[in-house]
2 protein chains.
Amino acid sequence: MTRLPPLHALRAFWLVTRAGGIRAAAEEAGVSHAALTQQIQRLEGTLGVRLFDRRSRSLRLTKAAEAYAAEVDRAFQVISAATHTLTRRNASNILTTHQFLWSLD
Amino acid sequence: MTRLPPLHALRAFWLVTRAGGIRAAAEEAGVSHAALTQQIQRLEGTLGVRLFDRRSRSLRLTKAAEAYAAEVDRAFQVISAATHTLTRRNASNILTTHQFLWSLD
DNA sequence: CATCGTTACGGTGCGCGTAACAATC
DNA sequence: GATTGTTACGCGCACCGTAACGATG
């Protein structure tokens, strides 16, 4: 049985865990922090699992979410690397402004 | 530099490569075949790479796309497995009808 | 003529931004 | 008061369905 979570929400989760915070992740990815908050709430809702401990004004991964974050990171890096090798250099001119969001250094 | 393609389009690509055809993939995933066609066109457009050879009325992976399909398959299986272990059994009742689409056996 | 992929056309909810808020350092 | 995450509100297009089409075995 193969069932995927909402992928854009998963991407937001991935960015936040990498950056260590919502606002940092938002700036890196070029999106608003409100968007990331919504996506993470959606992910927690659909999974039925609390992914972050809200402590004061910072986020920390739940124990259950730590292993998950590691696997998600692995998966997105695979996708990123494969996409990069596929499109040597003929892609950047076709991407719309919307795809240019969500690109990190 | 980390840049992700449109993830729903990538998911469609994944389904089609697994099922060996658009209509088969659509039936498996519980979506319309027209939706899959659109997603794959979007993916090819944003990547700037032709992923399938259209021969008569069947699809065959391009040489360039073969390695890509393998990596994409790996990534989605990682996500699927990790999500499954994270949500032992407390998730299925929260999923909306929309998430129930795109679930395979 | 049954089945394939593509195209045409609309509707709707997801994904996003802007702007405000509450809370901690 | 500077900075954090959250909430409120609204907009546009990505995403999907239905229905028709052209083409091949």
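Here goes a summary of the coordinates provided. (Residues numbered from 1 in each chain as written. Chains lettered and ligands numbered in written order. Predicted model: local features only at pLDDT ≥ 70, side-chain atom pairs only at ≥ 80, totals over all residues. Heavy atoms only, no water.)

1. Thoughts on the overall build of chain A
Counting secondary structure elements, chain A contains 5 helices and 4 strands. In sequence order, chain A lays out its α and β elements as β-α-α-α-β-β-α-α-β. In chain A, which comprises 105 residues, the share counted as buried stands at 46%. A sequence separation of at least 24 residues applies to 59% of the contacts in chain A between residues at least 6 apart. A total of about 5800 Å² of accessible surface is found on chain A, and carbon and sulfur atoms cover 48% of it. (Helix = DSSP H or I, 4+ residues; strand = E, 2+ residues; numbered from the N terminus. Buried < 20%, exposed > 50% of the residue type's maximum accessible area, 1.4 Å probe, protein only. Contact = heavy atoms within 4.5 Å. Areas by Shrake-Rupley, 256 points an atom, 1.4 Å probe, with all protein chains shown as cover.)

2. Comments concerning the protein's contact with DNA strand D
Taken together, 25 residues form the shell around DNA strand D, and within it A:Arg23, A:Gln41, A:Arg54, A:Arg57 and B:Ser32 come nearest. Close to the protein, within 4 Å, the atoms of DNA strand D belong to sugar or phosphate groups at a rate of 56%. B:His8 is positioned with one of its side-chain polar atoms (N or O) 3.4 Å from a phosphate oxygen of DNA strand D. Within the contact set of DNA strand D, a base oxygen lies 3.3 Å away from a side-chain nitrogen or oxygen of B:Arg57. Elements with a minimum of two residues in the surface near DNA strand D: helix H2 (22-29) and helix H3 (33-47) of chain A together with helix H1 (7-19) and helix H3 (33-47) of chain B. Counted by class, the surface near DNA strand D contains 7 nonpolar, 12 polar and 6 charged residues. (Near = heavy atom within 4 Å. Polar contact = N/O pair within 3.5 Å; in protein donor to acceptor, adjacent residues only side chain to side chain. Nonpolar A, V, L, I, M, F, W, Y, C, P; charged D, E, K, R; others polar.)

3. Some remarks on the protein's contact with DNA strand C
Taken together, 25 residues surround DNA strand C, and among them A:Ser32, B:Arg23, B:Gln41, B:Arg54 and B:Arg57 come closest. Backbone sugar and phosphate groups make up 58% of those atoms of DNA strand C lying within 4 Å of the protein. In the environment of DNA strand C, a phosphate oxygen lies 3.3 Å from a nitrogen or oxygen atom belonging to the side chain of A:His8. Taking A:Arg11, its side chain carries an N or O atom lying 3.2 Å from a phosphate oxygen of DNA strand C. Looking at the surface near DNA strand C, its residues break down into 7 nonpolar, 12 polar and 6 charged.

4. Comments concerning helix H2 (residues 22-29) of chain B
All names here are of chain B. Taken residue by residue, H2 has Ile22, Ala25, Ala26 and Ala29 as its buried positions. The buried residues of H2 occupy one face: seen down the axis, they fall within an arc of 100°. Turned more than 90 degrees away from the buried face of H2 sit Arg23 and Glu27, all of them exposed. Immediately downstream of H2, the backbone of glycine 30 shows phi near 80°, a positive value. (Arc of directions from axis to C-beta.)

5. Structural notes on the pairing of strand E3 (residues 58-61) of chain A
Residues and elements named next belong to chain A. Bridging between strand E2 (residues 52-55) and E3 involves 4 bridges; their strand directions are antiparallel. Counterpart to arginine 55 in the pairing with E3 is serine 58. Taking the residues that link successive antiparallel strands as the turn, the E2-E3 hairpin has 2 residues, and the phi of serine 56 there is positive, at about 55°. (Pairing = 2+ DSSP bridges.)

6. Overview of the pattern of salt bridges
Residues and elements named next belong to chain A. Enumeration according to the criterion identifies 6 salt bridges over all chains in this entry. Where arginine 18 meets aspartate 73, a salt bridge forms, and the shortest distance between an N and an O atom there is 3.4 Å. Taken as a pair, arginine 18 in helix H1 (residues 7-19) and aspartate 73 in helix H4 (residues 63-86) lie far apart in primary sequence, 55 residues in all. Using a relative accessible area of 23% as the deciding quantity, one classes aspartate 73 as partly exposed. Glutamate 71 is paired through a salt bridge with arginine 74; the nearest N and O atoms lie 3.3 Å apart. (Salt bridge = Lys/Arg side-chain N within 4 Å of Asp/Glu carboxyl O.)

7. Overview of the nonpolar core
Among the nonpolar cores identified, the biggest contains 62 residues, and A:Phe13, A:Leu51, A:Tyr68, B:Leu51 and B:Tyr68 are the most heavily contacted of them. At the level of secondary structure, the elements contributing two or more residues to this core comprise H1, H2, H3 and H4 of chain A together with H1, H2, H3 and helix H4 (63-86) of chain B. If near-sequence neighbours (up to four positions away) are discounted, B:Tyr68 is found in contact with A:Ala82, A:Thr83, A:Leu86, B:Pro5, B:Leu10, B:Phe13, B:Leu47 and B:Leu51. (Core = buried A, V, L, I, M, F, W, Y, C linked by side-chain atoms within 4.5 Å.)

8. Here we look at the packing of aromatic side chains
All names here are of chain A. Within this structure, the stated rule accounts for 6 aromatic pairs over all chains. Centre to centre, the rings of phenylalanine 13 and phenylalanine 52 are 5.7 Å apart; their planes meet at 55°, and the pair counts as tilted. Highlighted residues: phenylalanine 13 in helix H1 and phenylalanine 52 in strand E2, separated in sequence by 39 residues. Across this residue pair, the class does not change: phenylalanine 13 and phenylalanine 52 are buried. Counting every residue linked through ring pairs, the aromatic cluster contains Phe13, Phe52 and Tyr68. (Phe/Tyr/Trp six-rings, centres within 6.5 Å; stacked < 30°, edge-to-face > 60°.)

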